Amino acid sequence: MPTVSVKRELLFQALGRRYTDEEFDELCFQFGLELDEITSEKDIISKEQGGGKAEGASDIILYKIDVPANRYDLLCLEGLVRGLQVFKERIKAPRYKRIMPANGGVQRLIITEETAQVRPHAVAAVLRNITFSKDRYDSFIDLQEKLHQNICRKRALVAIGTHDLDTISGPFTYTARPPSEIRFKPLNQSKEYTASEIMDLYRTDSQLKHYLHIIENKPLYPVIYDSNGVVLSMPPIINGNHTKITLNTRNVFVECTATDITKAKIVLDILVTMFSEYCEKQFTVEAAEVTYHNGRTCIYPELAYRREKVKPDLINKKIGISEKPSSLAKLLTRMCLKSHVTGSGNNIEIEIPPTRADIIHACDIIEDAAIAYGYNNIQMTIPKTYTIANQFPLNKLTELLRQDLAAAGFTEALTFALCSQEDIADKLGVDISSTKAVHIANPKTAEFQVARTSLLPGLLKTIAANRKMPLPLKLFEISDIVIKDSTKDVGARNQRNLCAIYYNKNPGFEVIHGLLDRVMQLLAVPPSKASGYLIRAAEDSAFFPGRCAEIFAKGQSIGKLGVFHPDVITKFELTMPCSALEINIEPFL
Amino acid sequence: MATDGPALAELLLQRLERAGGGGLGSLEAAAALGLEHQHVTVPVLHSSPVCSPQVIEAEQRSSKRWELTPEGKEIVQEGSHEARVFDSIPAEGLPQSELMKLPSGKVGFSKAMSNKWVRLDKNADGGPRVFRAVESVQDSVREKLQLVQQGEAESLEEKDRNELKKRKLLMEVIIKTYWIRKGSAFSTTVTKQETDLTPEMLASGSWRDLKFKAYNFEALGIMPESGHLHPLLKVRTQFRQIFLEMGFTEMPTNNFIESSFWNFDALFQPQQHPARDQHDTFFLQDPAEATDFPMDYLKRVKKIHSQGGYGSQGYKYDWKLEEARKNILRTHTTAVSARMLYRLAQQKFTPAKYFSIDRVFRNETLDATHLAEFHQIEGVVADYGLTLGDLMGTLREFFTKLGISQLRFKPAYNPYTEPSMEVFSYHRGLQKWVEVGNSGIFRPEMLLPMGLPEGVSVIAWGLSLERPTMIKYGINNIRELVGHKVNLQMVYDGPLCRLDS
């Protein structure tokens, strides 16, 4: 969930009233936001880097507000204020308008064919006669960063570049060139570098290093030039210094390059709707024309208003309320979804503004009606749904067995399903290739290399972590192991195993053997060769030679019991003899 | 009491009776009874059934006493070294070399010299010779030590005591004594008390005439030997019970490996969603891909993502089968809910209530409250015409069974539910609202491609099993609860799990 931090004073100024922290917290809760933290720059720095570094930092109070991940229109102070003011019916939602420049000189961006291999899309717009202040400027930069981190997926899908239009002249060309042929002075640098040098320059940059991989291995890098060959930006890495925006900038050229055109349009719409508030003609955005190499031309920003019709009855029924159509329309209007009742009152027409790309289905509209109505004002009801409950048979058996294993004096452990290859192979004296284990592709540490193929390592590790406890230690676990199985759609399946272990000064094979007899008694399986269970001497590298037996029941091998091999005991950092039993309980269903 | 038992005990009790209400000291009692003091200490007394804590009470005291050292005792017997030297010198004197051979020679000579009792003639014939210097001497050292032996050390001057202590003839000892008083069941007649009932007493009926030693009810009993269930799984059992009480059927969640298709795509979670990142999800290297899908359904899922449909705009991106094929460790049990709802949609619709409690996996950064695997609790209801109010009412019933009565709901965002609500409950300890679960109504983009009828709504909620357990049992570090680093003592000592109390 993205977090937006805003200065409390600025927020209250823009909201036109003051709130206590509790009041504002409550307002956030109603609206689906969360006032996560009340802090200051000084607090943040001293928390992250220690008190000494915070000296001189601002102690202006900041609100950190958690915003739902699909509400890009709330990622800056401007949008938050607009949303809350409309919600509280203090203002009407503004209507965003795309306008063509008066003199007909529309800014043009031409996309060349070379971009197709690296970053094929671009959109653009102009914020004309904008007035920045320090706070507005900071917010403008912050919003771009928030969009980059969220909808733009760390610039992989979309990258935004904003430029002082008065420093350049169109038409602009979006192309892709070999890195050695691109040369410019990057933002806030004092000299020119080639694209390859720029990549090296930012390899250690705490922020930019995360974006290098997006184009690094491509033969051509994306780049935007003006008609005089000035570099606007090398997306998605860095802008040129030439077009840098300052507090005095009056006209802003916005370009977004992308691999996902839908998201690029959304990002452009959000950025220009939020900041057109500061244009001379408020909430207007000057169009720009984008031409693809095949000649297709598009005008951006789209700023499209979409109309949807939803039946009031459906809204009421889905929420569980009975509001009049006119009140439902009013509720929706409070969520920036301008609505009115049509016809004889059996339909509500809703206008979805360009800021609300999250509204993709009637259910999104219904949710907004519910939020405006107030979730906590909805009457709670119990559905009449009549059903008969069933337990999952395997879990039912597990629950029954657990109780009786504890009654037999064994204590239940709960160990991880993921572990290292070493745990299930080397330490038990087997080769990993013989285990049928599923392997994880991206483990952060060795603890998550494989899913366990046996419950034994987990129990042995549990004992190792509890060596200070009085002896004997008697543990059990009934849980799932995972093994590859090509007959399953995903190529693997779980198997429910029962495992028990006895750790004492003597190996206690008879204790574990007795437990097996008890488990079989519980499962009503008699000791018999014909139809019951039996154990037969077996070899297993985990167990001491001559001290291991295989367990047969229901006409199949279900597991083994034995005294651990001294090597196994040592490898699990134990010092006492130890015996164990592990069986598959699924045949007993 | 140890040796002569009841007889001596009776004497002690009689003395105590005579001493009246004030009681008497153990030292004096021992002296009067002719016992070593060590036989009159309280542990010894109370170990005897006739002098149990109810019969006599005792309070520990300590006192200091001067005693003679072994050398001091010898001096009381034999006289001081200097007196012994004086006595051994005849009128004609004694060669110094001979005098030094006497047992008290060295010490006695120097003391006698400094007392001016003897004199030394260095120029005598045959070497230095010692003569008496006075007619007779008074052995004051011996006299003082005799006083100490008679228990009158206090009558000596402190300077003298210190001098004798310095000469290691006297020592100060601390004695632990007891002040003995009558107890609540005091009696001078001693009856032997029995420790416990025996089969013989029952057979003979002798128990009727016997007195039994009182039990100490302050002490703890002996814990029974037993096995124990794991606290987290005890809580799991209770949650299962609650769902079963509410008529929910358990889902088969015994498949940790899931395809991205069922885990994400079926839930209308777009393929570029950050949850599908390497940073958040464990992908499998082997078996890397799922091979078998219901292809008609898969095509409908592809369409709803890339083009929309069923009244939805869709996400309008290039949906890729290879992304859906990728095997992962499931990130939520909702993947199983999706399989169950798909199965439900393949037959004539009947209402369903499902639940599951099982492991899920996240490739996240680990800390004191987050592990790479945890248990998710999930409830799902599918029926015609379910409302948001129904979801809230169901949650209220569910949480009431957990002992949580104060609930409120916050609008939230989930990729596969709309409306979505986070569930908060008021935590009296923390004095604030804390999030206890997440919930919502599954999106039509998830349900309709499965083939569920249009009017059917599916409400669902989820929470983790670990969090309520940690709160319930006051555990701060999740590793003490889950995994091999569990604190077994905590497992042994754990109470029953009663969620509603």
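This is a predicted model, so every value here is computed, not measured.

This paragraph deals with the overall build of chain A. Helices and strands together make up the secondary structure of chain A, namely 15 helices and 29 strands. Scaling as 2.2 N^0.38, a compact globule of 589 residues should have a C-alpha radius of gyration of about 25 Å, whereas chain A reaches 33 Å, well beyond that. Judged by the C-alpha coordinates and their principal axes, chain A covers about 100 × 65 × 55 Å. Expressed as a percentage of the 589 residues in chain A, the buried residues total 55%. Across chain A, contacts joining residues at least 24 apart in sequence account for 68% of those joining residues at least 6 apart. Carbon and sulfur atoms form 49% of the exposed surface of chain A, whose accessible area is close to 24900 Å². Across chain A, the mean location of the 72 positive side-chain charges is 3 Å away from that of the 71 negative side-chain charges.

Residues and elements named next belong to chain A. Spatial strand order, β20-β24-β25-β29-β28-β27-β26: seven strands in an open sheet with mixed pairing. Looking along the sheet, the strands with just one partner apiece sit at the ends: β20 (411-412) and β26 (533-537). Its contacts with the sheet put helix α11 (residues 393-407) on β20, β24 (473-484) and β25 (492-503), and the angle it makes with β24 is roughly 160 degrees. Across the sheet, helix α14 (residues 509-522) lies against β25, β26, β27 (543-553), β28 (556-564) and β29 (578-584), angled at about 25 degrees from β29, the strand it touches most.

Once that is clear, we can look at the sheet that holds strand β6 (residues 170-182) of chain B. Residue and element names in this part refer to chain B. Pairing in this open sheet of three strands is antiparallel, and the strands run β1-β6-β2 from one edge to the other. Each of the sheet's edge strands pairs with one partner strand only, and the pair in question is β1 (24-25) and β2 (56-68). Where β1 and β6 come together, two bridges link them in antiparallel fashion. Paired with Leu24 across the bridge in β6 is Ile180. Strands in contact with helix α8 (residues 140-149) are β2 and β6; relative to β2, the strand with the most contacts, it is inclined by about 170 degrees.

The grouping of Leu197, Leu202 and Trp207 of chain B at the surface amounts to a nonpolar patch, some 310 Å² of accessible area in total. Along the chain, the position of Leu197 of chain B falls in the loop between β7 (193-194) and α10 (199-204).

Below, the discussion takes up the nonpolar core. Counting 170 residues, the largest nonpolar core has Phe24, Leu147 and Phe564 of chain A together with Phe239 and Phe398 of chain B as its most contacted members. Ranked by residue count, the leading element in this core is helix α7 (residues 261-275) of chain A, at nine residues. With near-sequence residues (within four places) excluded, Phe398 of chain B lies in contact with Phe239, Ile242, Phe243, Met246, Ile377, Trp461 and Leu463 of chain B.

Bringing the pattern of salt bridges into the picture now. Close approach of charged atoms allows side chains with opposite charge to pair. For the structure on display, the rule yields 52 salt bridges over all chains. A salt bridge links Arg408 of chain B to Glu26 of chain A; the nearest nitrogen and oxygen atoms lie 3.0 Å apart. Of this pair, Arg408 of chain B sits in strand β15 (residues 407-411) while Glu26 of chain A is found in helix α2 (residues 21-31), placing the two residues in two different chains. The exposure class assigned to Arg408 of chain B is buried, which follows from its relative accessible area of 14%. Judged by relative accessible area, which is 31%, Glu26 of chain A ranks as partly exposed. A salt bridge links Glu351 of chain A to Arg307 of chain A; the nearest nitrogen and oxygen atoms lie 3.4 Å apart. Highlighted residues: Glu351 of chain A in strand β19 (residues 347-352) and Arg307 of chain A in strand β17 (residues 306-310), separated in sequence by 44 residues.

The next point concerns empty space enclosed by the protein. The gaps left among the atoms become clear once a water-sized probe is rolled over them. On inspection of all chains with the given rule, the structure shows three cavities of 30 Å³ or more. There is about 230 Å³ of room inside the largest cavity. For the lining of the largest cavity, the secondary-structure elements that each account for two or more residues are α11 and β24 of chain A together with α11 (231-245) and β13 (352-361) of chain B. Considering only residue class, the lining of the largest cavity consists of six nonpolar, four polar and 11 charged. Of the residues that constitute the lining of the second largest cavity, the class distribution is seven nonpolar, two polar and six charged.

Moving on to the pairing of strand β18 (residues 338-342) of chain A. Residue and element names in this part refer to chain A. Pairing analysis gives five bridges linking β18 to β19, with the strands arranged antiparallel. Paired with Val341 across the strands is Ile348, a residue of β19. A loop of four residues connects β18 with β19, the two strands running antiparallel in sequence, and Gly343 in this loop sits at a positive phi of about 55 degrees.

The next thing to look at is the interface of chain A and chain B. Listed by partner, the interface residues are 92 residues for chain A and 106 residues for chain B. For the pair chain A and chain B, the two sides together bury roughly 8300 Å², of which 57% comes from carbon and sulfur. Joining chain A to chain B, the criterion identifies seven salt bridges. The tally of links between chain A and chain B comes to 54 residue pairs in polar contact (both at pLDDT 80 or more). No other element matches β24 of chain A, which puts eight residues into the side of chain A that touches chain B. Here the residues of the side of chain A that touches chain B sort into 42 nonpolar, 26 polar and 24 charged. One ladder, built from two bridges, connects strand β22 (residues 439-440) of chain A with strand β11 (residues 284-286) of chain B; its direction is antiparallel. Looking at the pairing, His439 of chain A lines up with Asp286 of chain B of β11 of chain B.

Residue placement: Arg452 of chain A occurs in the loop between β23 (450-451) and α13 (456-464). At a separation of 2.9 Å, a polar atom in the side chain of Arg452 of chain A contacts the main-chain carbonyl oxygen of Asp480 of chain A. Discounting chain neighbours no more than four positions away, the residues touching Arg452 of chain A are Thr415, Phe416, Ala417, Cys419, Ile424, Glu477, Ser479, Asp480, Ile481 and Val482 of chain A together with Arg359 of chain B.

Our focus in this paragraph is the UniProt feature "domain: B5" (unreviewed entry) in chain A. UniProt records the feature "domain: B5" (unreviewed entry) at residues 303-380 of chain A, using the numbering of this structure. Secondary structure across residues 303-380 of chain A divides into 37% helix and 21% strand, with the first and last C-alpha atoms of the span separated by 39 Å.

The next subject is the packing of aromatic side chains. Following the criterion strictly, the structure yields 37 aromatic pairs over all chains and no others. Relative to Phe424 of chain B, the ring of Phe29 of chain A lies with its centre 5.1 Å away and its plane at 75 degrees, an arrangement referred to as edge-to-face. With Phe29 of chain A in helix α2 and Phe424 of chain B in strand β16 (residues 417-427), this residue pair bridges two chains. Residue classification places Phe424 of chain B among the buried residues on the basis of a relative accessible area of 7%. Three or more aromatic residues joined by ring pairs make a cluster, and in this case those are Phe239, Phe243, Phe248, Phe355, Phe398, Phe399 and Trp461 of chain B. When the ring centre of Tyr19 of chain A is taken as reference, the NZ or CZ atom of Arg17 of chain A above it lies at 3.9 Å.

In an α-helix, one turn spans 3.6 residues, which is why side chains three or four residues apart end up on the same side. Residues and elements named next belong to chain A. All of the buried residues in helix α1 (residues 8-15) are Leu11, Phe12 and Leu15. An end-on view of α1 places all buried positions within 95 degrees of arc, on one side of the element. Each element contacted by the buried residues of α1 is listed here: β1 (3-7), α2, β3 (61-66) and α4 (77-87). Positioned one or two residues after α1, Gly16 has a phi angle of 75 degrees, which is positive.

What you tend to see is this: most non-glycine residues have negative phi, and most peptide bonds are trans. All names here are of chain A. Each neighbour pair has its own omega, and for Gly170 with Pro171 the value is -5 degrees, a cis peptide bond. Mapped onto the secondary structure, Pro171 falls in the loop between β7 (158-164) and β8 (172-177). The omega torsion across Tyr300 and Pro301 is -5 degrees, close enough to zero to call that bond cis. Relative to the helices and strands, Pro301 resides in the loop between β16 (297-300) and β17. Of note, Arg155 is a non-glycine position whose phi angle comes to about 70 degrees, a positive value.

Moving on: the domain arrangement of chain B. Segmentation of chain B into domains returns domain 1 (1-61 + 173-219), domain 2 (70-166) and domain 3 (232-493). Summarising the inter-unit geometry, the C-alpha centres of domain 2 of chain B and domain 3 of chain B are found 100 Å apart.

Residues and elements named next belong to chain A. Between α2 and α4, the least distance of the axes is 12 Å, while the angle of their chain directions is 85 degrees. One finds that α2 runs roughly perpendicular with respect to α4. Residues Phe24, Leu27, Gln30 and Phe31 of α2 lie in contact with α4, whose contacting residues are Gly83, Leu84 and Phe87.

The topology assignment puts His361 of chain A in the loop between β19 and α10 (362-373). At a separation of 3.0 Å, a polar atom in the side chain of His361 of chain A contacts the main-chain amide nitrogen of Cys363 of chain A. At 3.0 Å, the side chain of His361 of chain A forms a polar contact with the backbone oxygen of Tyr310 of chain B. With sequence-adjacent residues up to four places away left out, His361 of chain A is seen in contact with Tyr310, Gly311, Ser312, Arg443, Pro444 and Glu445 of chain B.

All names here are of chain B. Structurally, Ala275 is set in the loop between α12 (260-263) and β11. Taking the C-alpha atoms as reference points, Ala275 and Ser155, 120 residues apart in sequence, are found 92 Å from one another. For Ala275, the contacting residues outside a window of four places in its chain are Phe264, Gln269, Asp280 and Thr281.

Each value, and the rule that gives it
Residues numbered from 1 in each chain as written. Chains lettered and ligands numbered in written order. Predicted model: local features only at pLDDT ≥ 70, side-chain atom pairs only at ≥ 80, totals over all residues. Heavy atoms only, no water. Helix = DSSP H or I, 4+ residues; strand = E, 2+ residues; numbered from the N terminus. Rg over C-alpha atoms; globule rule 2.2 N^0.38 Å. Buried < 20%, exposed > 50% of the residue type's maximum accessible area, 1.4 Å probe, protein only. Contact = heavy atoms within 4.5 Å. Areas by Shrake-Rupley, 256 points an atom, 1.4 Å probe, with all protein chains shown as cover. Lys, Arg positive; Asp, Glu negative; His and termini not counted. Charge placed at Lys NZ, Arg CZ, Asp CG, Glu CD. Pairing = 2+ DSSP bridges. Axes fitted to C-alpha atoms, helices over the stretch in contact; angles between N-to-C directions. Patch = residues over 30% accessible without salt bridge, like charges linked within 9 Å, V, L, I, M, F, W, Y side chains within 5 Å. Salt bridge = Lys/Arg side-chain N within 4 Å of Asp/Glu carboxyl O. Core = buried A, V, L, I, M, F, W, Y, C linked by side-chain atoms within 4.5 Å. 1 Å grid on protein atoms, 1.4 Å probe; cavity = no way out; pocket = protein on both sides within 12 Å on 5 of 7 lines; lining within 4 Å. Points joined across faces, edges and corners; volume = space filled by probe spheres on them. Nonpolar A, V, L, I, M, F, W, Y, C, P; charged D, E, K, R; others polar. Buried area = accessible area lost by both parts, 1.4 Å probe. Polar contact = N/O pair within 3.5 Å; in protein donor to acceptor, adjacent residues only side chain to side chain. UniProt positions renumbered as here; feature names shortened; annotations may be inferred. Phe/Tyr/Trp six-rings, centres within 6.5 Å; stacked < 30°, edge-to-face > 60°. Lys NZ or Arg CZ within 6 Å of the ring centre and 35° of its normal. Arc of directions from axis to C-beta. Domains from an automatic or database assignment. Parallel < 35°, antiparallel > 145°, perpendicular 65-115°, else oblique.

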